[in-house]
Number of protein chains: 4
Amino acid sequence: MQTMDGRADSPELEQLYRDFDANSMAPLWTQRDDLMPPVPSPKAIPHLWKWRTLYDIAKRSGDLVPVGRGGERRAIGLANPGLPGTGYATPTLWCAIQYLGGHETAPEHRHAQNAFRFVLEGEGVWTVVNGDPVAMRRGDLLLTPAWNFHGHHNDTANPMAWIDGLDAPFSYYTDVGFFEYGSDRVTDEASPDISRSERLWGYPGLQPLSEPRRLPSSPLSAYRWEYTDRALAAQLELEDEGHPATVEQGHAAIRFTNVTTGRDVMPTIRAEMHRLRPGASTPPRREVGSSVWQSFEGSGTVVLNGEELRLEKGDLFAVPSWTSWELHSDSGGLDLFRYSDAPIIERLGFNRTLTAPPAG
Amino acid sequence: MQTMDGRADSPELEQLYRDFDANSMAPLWTQRDDLMPPVPSPKAIPHLWKWRTLYDIAKRSGDLVPVGRGGERRAIGLANPGLPGTGYATPTLWCAIQYLGGHETAPEHRHAQNAFRFVLEGEGVWTVVNGDPVAMRRGDLLLTPAWNFHGHHNDTANPMAWIDGLDAPFSYYTDVGFFEYGSDRVTDEASPDISRSERLWGYPGLQPLSEPRRLPSSPLSAYRWEYTDRALAAQLELEDEGHPATVEQGHAAIRFTNVTTGRDVMPTIRAEMHRLRPGASTPPRREVGSSVWQSFEGSGTVVLNGEELRLEKGDLFAVPSWTSWELHSDSGGLDLFRYSDAPIIERLGFNRTLTAPPAG
Amino acid sequence: MQTMDGRADSPELEQLYRDFDANSMAPLWTQRDDLMPPVPSPKAIPHLWKWRTLYDIAKRSGDLVPVGRGGERRAIGLANPGLPGTGYATPTLWCAIQYLGGHETAPEHRHAQNAFRFVLEGEGVWTVVNGDPVAMRRGDLLLTPAWNFHGHHNDTANPMAWIDGLDAPFSYYTDVGFFEYGSDRVTDEASPDISRSERLWGYPGLQPLSEPRRLPSSPLSAYRWEYTDRALAAQLELEDEGHPATVEQGHAAIRFTNVTTGRDVMPTIRAEMHRLRPGASTPPRREVGSSVWQSFEGSGTVVLNGEELRLEKGDLFAVPSWTSWELHSDSGGLDLFRYSDAPIIERLGFNRTLTAPPAG
Amino acid sequence: MQTMDGRADSPELEQLYRDFDANSMAPLWTQRDDLMPPVPSPKAIPHLWKWRTLYDIAKRSGDLVPVGRGGERRAIGLANPGLPGTGYATPTLWCAIQYLGGHETAPEHRHAQNAFRFVLEGEGVWTVVNGDPVAMRRGDLLLTPAWNFHGHHNDTANPMAWIDGLDAPFSYYTDVGFFEYGSDRVTDEASPDISRSERLWGYPGLQPLSEPRRLPSSPLSAYRWEYTDRALAAQLELEDEGHPATVEQGHAAIRFTNVTTGRDVMPTIRAEMHRLRPGASTPPRREVGSSVWQSFEGSGTVVLNGEELRLEKGDLFAVPSWTSWELHSDSGGLDLFRYSDAPIIERLGFNRTLTAPPAG
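Residues numbered from 1 in each chain as written. Chains lettered and ligands numbered in written order. Predicted model: local features only at pLDDT ≥ 70, side-chain atom pairs only at ≥ 80, totals over all residues. Heavy atoms only, no water.

### Things to note about the arrangement of the chains
Line of reasoning, step 1. Of all C-alpha pairs spanning chain A and chain C, none lies closer than 17 Å, and the two are not in contact.
Line of reasoning, step 2. When C-alpha atoms are compared, chain B and chain D, though not in contact, are closest at a spacing of 17 Å. (Contact = heavy atoms within 4.5 Å.)

Here you go:
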């Protein structure tokens, strides 16, 4: 132990530190450097998980671990190696692969945490949100905002896997979580092509007059791949035609938004889809706040704080706060899904971005 | 002239009133009753215009009045009989039938006034908004918000007519208008099926990352009938299935909204589409603020302050502030387009609504 | 009558125009120039009213016109010569001198219109707002936002005069007004030094936890001269000390704001106080929207669209939309109160400002 | 290890769990109970720190630990016993006693973290915020929002102690912190009675026209005890007079707000002052989010999750999320300062409150 200016210990100083401990006190000067670094210095590390590995292990869980009440979900979290013992992808974000066998049901519950699902491949499962069955298909983003009952139901004989995203680490840290069990089965086992939510809300710029407006989370439960794909393709076509549309040359991207406000889909989670043309690159960027990406189609590389990682279909990677990231697409192009805690960061005024020019 | 309590004139009082006049003064007590009525007491009156008449007269204008620079548009305003000499539909809203002959062009200009077009029937004209050609087709709502250059171009040999809606009376009264001429021809004579605006913005809940967010007016230039129709149909189907979706029994309705905010399409104008099932009715309602309706499909009646008026395809009617209105659909159902000054009223805190139960 | 390109009349054209009239139609092309001018072209004109004249005539009204129910107020509006027959200061703003004799009472009422009083000189009257007596003293701004009951009560033997500002012309034009009589006497004849509103809300940055927050109008009923004066003096002192504080060299100004939101005091009216150092000038400015100014202390000149007008204590002038205005202070300095329709203009997105450098 | 339904281990299951570990995966079902509790289940515990103890130990630090660059502040954090190793008062909030000896200076720095000081007793120190010296006196709340340079300077020969509040634990957890050193001395050693910030902003409802409006944090650097005290006293007087003003019988409270928006003083921290009449009590309340209270004047008790703790002048206590709290005042009344993470909770939609009636 020492003083602020590094002077050596004295018996009085040692006694002082003992008295700090004994009285539940902690001096700032011994931890200021760590607590208040010059730039964000996350404990979480940039990390990549291979989809093939995740899927194989999830499949084995499907054989060994029945889904049911209590555990609630056969979901296996991506555990950031920099956050040992937590099972968190980043300090704020949970990301799991969920696996549901043929004709299985994950029982209904609700929680204060905001959640979504994103589907890499497959179909046949309906997620039932407050009694409204929502088909899950390739490329779809499905929302279950705070305090909506939801369960999942496999209407087919085939298993299906997808990723779950939640703000559970943030909610746990800040002690905001509530949780309640619902029906052991889903409350509606129908398997309609589109949900009631989409029938009410799924049109560009149209709102039902019957509904309260400006909701905290989007009432649109499903963002279908058909539209996402079309929007990304159009941006690249417009770029070809000489019109501003893309984030930067060869990089198209859309944000999924709350249809009642134009803001993020949920108060704590931002969701986006990115498309890189064959051979395209993004310049290195640093942002305050963390995110998780999933490679959806195509292949390429991501460079995280200077380390290059190969991306194949389904691979997931975590980008902690202020980590430099840049993307490169192979000759087949590259589609990526991204979600982040950006709404938390922005609503509290902590957002900063640093974009470097691409290395010449 | 007299005092507040009705006492007869005196020479001193007469001199006082003469001095008011001479010094540009006006006593409140002689006009308070008129200036501050117990409830809104509009000079504009409820009025119906028959589409057939409007169209025939517009067509004759097409033969007699060439469209061109200066007059700018072959548009003929609906002149509320309660507002003589103005050509206004209501104190805040302009509504005109615009007629464009085969291969004619209405030259480009821009103005601080917010404007839209709504198409009852026909096709073949493109409205070019800041250089982006937007096809106009039956049932479409097309926006030209404040200060966007716009012109119209008929790509066919056939004439086309539609309605224009503007906040011009409001803008004129409050002295907020700016106006600027643009190109004599439209800047892009292409006739694409969908506009660049729709390619960027026309997806449910998706926003391009490249664009500034939360714009004052919607960047989506066209709200297509295909979606409007589908949304209204879905509301009635959901009602049949026992789910909340409609405004009230048999009455479906959507609001066109700014895709970046979920608020009204433009800061001064609200636009909606309503559908009544065959035989359905709405209860009498009074609202602060004025609106203009157009019967789009089907037939029925509207009751305005107790007077029943027949509605056939294309008929337009003005509903001044605090006028009681109720709609009844004939056996074929009834679709109506509506626009109003509700955003002005609501943003300034003057909104009130009074809904009476339907007469038993 | 003629066509858009100025061709002479024909019998067919004359018939067409007759049919327009007969069918409540009005062509745009004959009025487009007037309806949509290149820049705002107000009918209201810049005009100055001398306080001495206003006061003398108001005083004569005090002898001849008893205040009472029906007429409600002994208030005499400043009638813009460009708006004959209206009694309006500008198209949106009412401004009146109100005169209350010793021990007189102006009965209570409430209305949807927003109103305030500003006191040039004198004291002894309490305005009772929803039962809360608010003392009126020199330099104070007193609010009576929409739908608050209010009456005025002279607790002394001496008459008092002040100005009333309302959005009544705007409310009348847009048909949003409601009006209701209240008590014939004020409901509380006490004469406390400060109101209950001030006791709850009148502290810098402090809000009572018991109150709903973010109200549409300020719950603070009185903005006292003591604070206004101190704030203006401090800005000039800070300027002297080399710190940014003033609008421009020698020109201090504060805005009165809604203490729950930091926005304007009421949804339709902005209120400000300006102070020019001895000999200071402002550059010519044009703004969309209209305002009324009152010279409060000192003397100087205002130049409106190039015409210079002398300002002495109490003089009022109207500045229509897009009128160029600039202020010059005499050797004693100049304090001015201003109110405007800026919140209407800004909330609807019509605001523009043009500032020219001072003539060299 | 076991399955969701509690079945015993098998070799396959053990291998599965080993593979989870090896591949940075963590099953949800083993941690769901802990991660997503039925109600918030904080690790932080309710805890009380006695001011006398804190002060004595801080004073000894004053003798042993010179203040200076690197450690930056002689501040000693209240270390919640439920969060060992952190030095945090709650998961989101830092609270420290800071001690500055006669004529000492704490050097300038700035950080993304939001901070404030609250003064229990004493005076003589100026906190210099972006070059503006702000006097610190008994009962004052002093703000240093994100990224404002600030240092402290003791202008007297006497030591002074106060509490520092920061969002540092939240910022650390979410990796949003930036930090930069400034001047080793404060940039202005003047000791004015009031700061430039107060001279510009410290008036009820008045805003300088020269300043950008609607700032994320309050530009008013000091909330003076004079006003806080007067506001609390007025609420109790109004209660005596029969008017609504207090939170509940005998419990007055004000919130310190951002003078440009009426929202909380800083994006992450809410600050309030509470006053209980002699003998008054509050009903038990539970709220999502955590807070720290300091007893400012008088004495009484606080009951936290059923445990009663004595409060004397200066005592501090931490209230973790969803902890039941109730206050009781002794015969001399009780004043308390409180700060919390409520803006974080509310902006993200996690707020809930449960108020129980007082035990009969």
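Still more to cover.
### What to know about the interface of chain C and chain B
Line of reasoning, step 1. Of the residues lining the interface, 93 residues belong to chain C; the matching set on chain B comes to 93 residues.
Line of reasoning, step 2. With both sides pooled, the region where chain C packs onto chain B buries about 7,800 Å², and carbon together with sulfur makes up 66% of that total.
Line of reasoning, step 3. Considering only the side of chain C, the residues that lose the most area to chain B are M4, Y173 and F178 of chain C, jointly responsible for 10% of the buried surface there.
Line of reasoning, step 4. Summed over the shared surface of chain C and chain B, the result is two salt bridges.
Line of reasoning, step 5. Joining chain C to chain B, the criterion identifies 27 residue pairs in polar contact (both at pLDDT 80 or more).
Line of reasoning, step 6. Per-element accounting of the side of chain C that touches chain B gives the leading share, seven residues, to helix α4 (residues 168-174) of chain C.
Line of reasoning, step 7. Residues that form the side of chain C that touches chain B fall into these classes: 52 nonpolar, 24 polar and 17 charged.
Line of reasoning, step 8. Bridging between strand β1 (residues 25-27) of chain B and strand β3 (residues 75-78) of chain C involves three bridges; their strand directions are antiparallel. The partner of P27 of chain B across the bridge, within β3 of chain C, is I76 of chain C. (Buried area = accessible area lost by both parts, 1.4 Å probe. Salt bridge = Lys/Arg side-chain N within 4 Å of Asp/Glu carboxyl O. Polar contact = N/O pair within 3.5 Å; in protein donor to acceptor, adjacent residues only side chain to side chain. Helix = DSSP H or I, 4+ residues; strand = E, 2+ residues; numbered from the N terminus. Nonpolar A, V, L, I, M, F, W, Y, C, P; charged D, E, K, R; others polar. Pairing = 2+ DSSP bridges.)

### A few points about the pattern of salt bridges
Line of reasoning, step 1. One pass over the structure, following the stated rule, counts 120 salt bridges over all chains.
Line of reasoning, step 2. For E237 of chain A, the salt bridge is made with R199 of chain B, and the minimal N-O distance between the two is 3.5 Å. One end of the pair, E237 of chain A, is in helix α6 (residues 225-240); the other, R199 of chain B, is in helix α5 (residues 196-201), on a second chain.
Line of reasoning, step 3. R199 of chain B gets classed as buried once you look at its relative accessible area, which sits at 14%.
Line of reasoning, step 4. E346 of chain C is the partner of R270 of chain C in a salt bridge, and the nearest nitrogen-oxygen pair spans 2.9 Å. Separated by 76 residues along the polypeptide, R270 of chain C in strand β16 (residues 270-276) and E346 of chain C in helix α7 (residues 342-347) bring together distant segments of the chain.
Line of reasoning, step 5. Residue E346 of chain C is classed as partly exposed on the basis of its relative accessible area of 38%.
Line of reasoning, step 6. Ionic contacts of the salt-bridge type, sharing partners, join the residues R255, E272, E287 and R338 of chain A into one network. (Buried < 20%, exposed > 50% of the residue type's maximum accessible area, 1.4 Å probe, protein only.)

### Looking at the packing of aromatic side chains
Line of reasoning, step 1. Across all of its chains, the model carries 72 aromatic pairs over all chains by this definition.
Line of reasoning, step 2. A centroid spacing of 6.2 Å and a plane angle of 45° characterise the contact between W51 of chain B and Y55 of chain B, whose relative ring orientation is tilted. With W51 of chain B and Y55 of chain B both in helix α3 (residues 51-64), this residue pair falls four residues apart, about one helical turn. Across this residue pair, the class does not change: W51 of chain B and Y55 of chain B are buried.
Line of reasoning, step 3. Between F118 of chain B and F337 of chain B the ring centres are 4.1 Å apart and the planes differ by 5°, which places this aromatic pair in the stacked class. Here F337 of chain B lies in strand β21 (residues 325-340) and F118 of chain B lies in strand β6 (residues 115-118), a separation of 219 residues in the sequence. Exposure class is identical for F118 of chain B and F337 of chain B. Each is buried.
Line of reasoning, step 4. An aromatic cluster of at least three residues, connected via ring pairs, comprises F116, F118, Y223, W225, F256, F296, F337 and Y339 of chain A. (Phe/Tyr/Trp six-rings, centres within 6.5 Å; stacked < 30°, edge-to-face > 60°.)

### Concerning the sheet that holds β3 of chain C
Line of reasoning, step 1. On the basis of which strands lie adjacent, the open sheet formed by seven strands has the order β1(B)-β3(C)-β4(C)-β11(C)-β6(C)-β9(C)-β14(C) and antiparallel pairing. Only two strands of the sheet have a single neighbouring strand rather than two, namely β1 of chain B together with β14 (222-223) of chain C.

### Side note on the interface of chain D and chain A
Line of reasoning, step 1. With 93 residues of chain D in contact, the opposing surface of chain A contributes 93 residues.
Line of reasoning, step 2. Together, the buried faces of chain D and chain A total about 7,800 Å²; carbon and sulfur atoms form 66% of this surface.
Line of reasoning, step 3. In terms of surface lost to chain A, no three residues of chain D exceed M4, Y173 and F178 of chain D, which account for 10% of the buried area on that side.
Line of reasoning, step 4. Linking chain D to chain A there are two salt bridges.
Line of reasoning, step 5. Taking the shortest distance from any N to any O, the salt bridge between D19 of chain A and R60 of chain D comes out at 2.6 Å.
Line of reasoning, step 6. Seen at the junction of chain D and chain A, the total is 27 residue pairs in polar contact (both at pLDDT 80 or more).
Line of reasoning, step 7. Top contributing element to the side of chain D that touches chain A by residue count: helix α4 (residues 168-174) of chain D, with seven residues.
Line of reasoning, step 8. Partitioned by chemical class, the residues of the side of chain D that touches chain A number 52 nonpolar, 24 polar and 17 charged.

### Considering the pairing of strand β15 (residues 251-256) of chain D
Remember that side chains alternate between the two faces of the sheet whenever the strand is regular.
Line of reasoning, step 1. Burial runs high along β15 of chain D: six of the six residues are buried.
Line of reasoning, step 2. Where strand β13 (residues 206-208) of chain C and β15 of chain D come together, three bridges link them in antiparallel fashion. Bridge pairing links P208 of chain C to I254 of chain D in β15 of chain D.
Line of reasoning, step 3. As defined by bridge partners, β15 of chain D adjoins strand β16 (residues 270-276) of chain D across six bridges and the pair is classed as antiparallel. Across the sheet, the residue bridging to A253 of chain D is H274 of chain D, located in β16 of chain D.

### Some words on the domain arrangement of chain A
Where interface size is quoted, it is often the accessible area lost as the parts come together.
Residues and elements named next belong to chain A.
Line of reasoning, step 1. The domain architecture assigned to chain A consists of domain 1 (47-203 + 217-222) and domain 2 (223-353).
Line of reasoning, step 2. Just the C-alpha atoms count here: the centres of domain 1 and domain 2 sit 22 Å apart.
Line of reasoning, step 3. On the side of domain 2, 37 residues touch domain 1, which itself brings 48 residues to the contact.
Line of reasoning, step 4. Taken together, the two surfaces of domain 1 and domain 2 that pack against each other cover about 3,400 Å², and 65% of this comes from carbon and sulfur. (Domains from an automatic or database assignment.)

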